[in-house]
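# Structural features, examined
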Amino acid sequence: MKENKHLEYKQEINDSFLKTVSAFANYEGGDIVFGIANNGEKVGIDDIDNMCLVVENMINDSIKPKPQYLISIGKNDTVITLHVKAGNHTPYYYKKKAYIRNDTSTVEVDDIELNRLILNGKRMNYEEVQSANQELTFHYLEDKLKEKLNIGALNIDILKTLKLYSDEDGFNQAALLVSDQNSFRGIDIARFGDNMNIFLDRETFEEGSVIFEFDETMNMFNKYYSYEEIIGSERVRKYTIPAEAFREALANAVVHRTWDVNARIRVSMFDNRIEIASPGGLPRGLSEKEYLSGQVSVFRNPIISNVFYRLNIIESFGTGIMKILQAYETLEQKPQFEIFDNSIKVILPTQNVKTSLTSDEQSIVEYLSAGRLSSSSEIAKATGFSKGKAIQLLNSLVEKNMIKIEGSGRGTKYRV
């Protein structure tokens, strides 16, 4: 077996292994095997019983606090295996420095990661840290609470119930996030044309409550990915991307992102998909398989999650991925999830809405689907509609994002 994030080989015993002990204890645990060369060849350890004591003493003397570990020797074997468990009292220091595994190497953590380890050791989330700004107002949050929960007025007792305020520390970072003075990076939205060099629209929502940022992003989604269909005597709103899927993906990006990095959530809008990328990989203790199955939830920001739950933005804890998958259950194209060490991207494909068009609209789409670039007069002649009706239908199809306009004035032409 080759070395990996959770396995390291050491040909001999020296203090170089202690950095890896720190890394394994700080994160997901792992094994260090002594008596194996880097190429995987077994070279063995002399005086193996005594060297086990040496390893034990080196760990006890050098790693603070003391990690949990187990030393084992295979029967009739000449190698030592050191099993290091992930610890609960992070950070685990070696020579006053904390370490992390980076693939097959061990490196010192940066300041952001060190702060995360410290908070983890204290059983705290970043959102629980005291806010430097204690002069906060909550007008947008109050309006939403009145709308959704029919409260009279937002008071200190409600803020305490929401765990946004405590008598000991005042407002925390979660309170700052939902306040009108929110200073964290927000949501950056770009709508692209045929390629990423063509910007059709661009908005950045920040310096306001994360709830406001969420609502404004939903408004942009409704603007570009919804259309109205007349069914009987009623106009019915429909979507080229399931609204429930986008809502859940966006809510997940907000409530599960890391807030201690200076980065925005990115929403990239294309004709055939939306990509939502949020800062931060999977929460500590959650595997990719567990994340994608939607069966296990680990909340990076439980206070913000609770606020979104009470406002009915998310239906219940831990169902986001399942609801996204369910929204696409009967559709041909499926969502995709890309998981990286420091970010997560959700890709939501658009669906063909031709069957949701009126028969007259379908006639125009079918005519243009042959790759034609045609004027309204040419379309009217080909379909048999009057020019006035053709223009009316073309405008409707533009609103539904089914066709595009090229040119202007007498040179105006249409294509799918």
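Above this note sits the structure.
Residues numbered from 1 in each chain as written. Predicted model: local features only at pLDDT ≥ 70, side-chain atom pairs only at ≥ 80, totals over all residues. Heavy atoms only, no water.

Turning our attention to the side chain of Glu 248. Assignment of secondary structure puts Glu 248 in helix H8 (residues 243-256). Buried within the structure, Glu 248 lacks any salt-bridge partner; Lys 323 is the closest side chain of opposite charge, at an N-O distance of 4.8 Å. Once you skip the residues sitting within four places of it in the chain, Glu 248 turns out to touch Ile 314, Glu 315, Gly 320, Lys 323 and Ile 324. (Helix = DSSP H or I, 4+ residues; strand = E, 2+ residues; numbered from the N terminus. Buried < 20%, exposed > 50% of the residue type's maximum accessible area, 1.4 Å probe, protein only. Lys, Arg positive; Asp, Glu negative; His and termini not counted. Salt bridge = Lys/Arg side-chain N within 4 Å of Asp/Glu carboxyl O. Contact = heavy atoms within 4.5 Å.)

What follows deals with the pattern of salt bridges. One side chain can pair with another of opposite charge once the charged atoms of both are near each other. Within the structure shown, the criterion is met by 18 salt bridges. In this structure, Lys 42 and Asp 77 form a salt bridge, with 3.2 Å as the shortest nitrogen-oxygen distance. Taken together, the residues Lys 42 in the loop between strand E2 (30-34) and helix H2 (48-62) and Asp 77 in the loop between strand E4 (69-73) and strand E5 (80-84) connect sequence positions 35 residues apart. Salt-bridge contacts for Glu 147 lead to Lys 144; the nearest nitrogen and oxygen are separated by 3.8 Å. With a gap of 3 residues between them, Glu 147 and Lys 144 both fall in helix H4 (residues 139-149), about one helical turn apart. Glu 147 sits in the exposed class, given a relative accessible area of 54%. When its relative accessible area of 13% is taken as the criterion, Lys 144 is described as buried. Ionic contacts of the salt-bridge type, sharing partners, join the residues Lys 144, Glu 147, Lys 148 and Asp 215 into one network.

Once that is clear, we can look at the pairing of strand E16 (residues 273-279). Regular strands place side chains that alternate from one sheet face to the opposite one. In terms of burial, E16 is largely enclosed, as 6 of its 7 residues are buried. Between strand E15 (residues 265-269) and the antiparallel strand that follows it, E16, lie 3 residues. Relative to strand E18 (residues 343-349), E16 runs antiparallel, the two being bridged by 7 bridges. Looking at the pairing, Glu 275 lines up with Ile 347 of E18. (Pairing = 2+ DSSP bridges.)

Here we come to the sheet that holds strand E8 (residues 105-108). Pairing between sheet strands relies on hydrogen bonds along the backbone, with the strands arranged either parallel or antiparallel. On the basis of which strands lie adjacent, the open sheet formed by 4 strands has the order E3-E6-E7-E8 and antiparallel pairing. Each end of this open sheet is capped by a strand with a single partner; those strands are strand E3 (63-64) and E8. Bridge count for strand E6 (residues 93-94) against strand E7 (residues 97-102) is 2 bridges, and the pairing is antiparallel. Bridging from a neighbouring strand, Tyr 93 pairs with Ala 98 of E7. Contacts between helix H1 (residues 17-26) and the sheet are confined to E3, E6, E7 and E8, with E7 contributing the most and set at about 80 degrees to the helix. (Axes fitted to C-alpha atoms, helices over the stretch in contact; angles between N-to-C directions.)

This paragraph deals with H2. Taking 1.5 Å per residue as the helical rise, H2 with its 15 residues ought to reach 21 Å, and the 21 Å between its terminal C-alpha atoms agrees with that figure. Of the positions making up H2, those classed as buried are Ile 48, Met 51, Cys 52, Val 55, Met 58 and Ile 59. One side of H2 holds all its buried residues, which, seen down the axis, span an arc of 125 degrees. Set apart from the buried face of H2 by more than 90 degrees, the exposed residues are Asp 49 and Asp 61. (Expected span 1.5 Å × (residues − 1). Arc of directions from axis to C-beta.)

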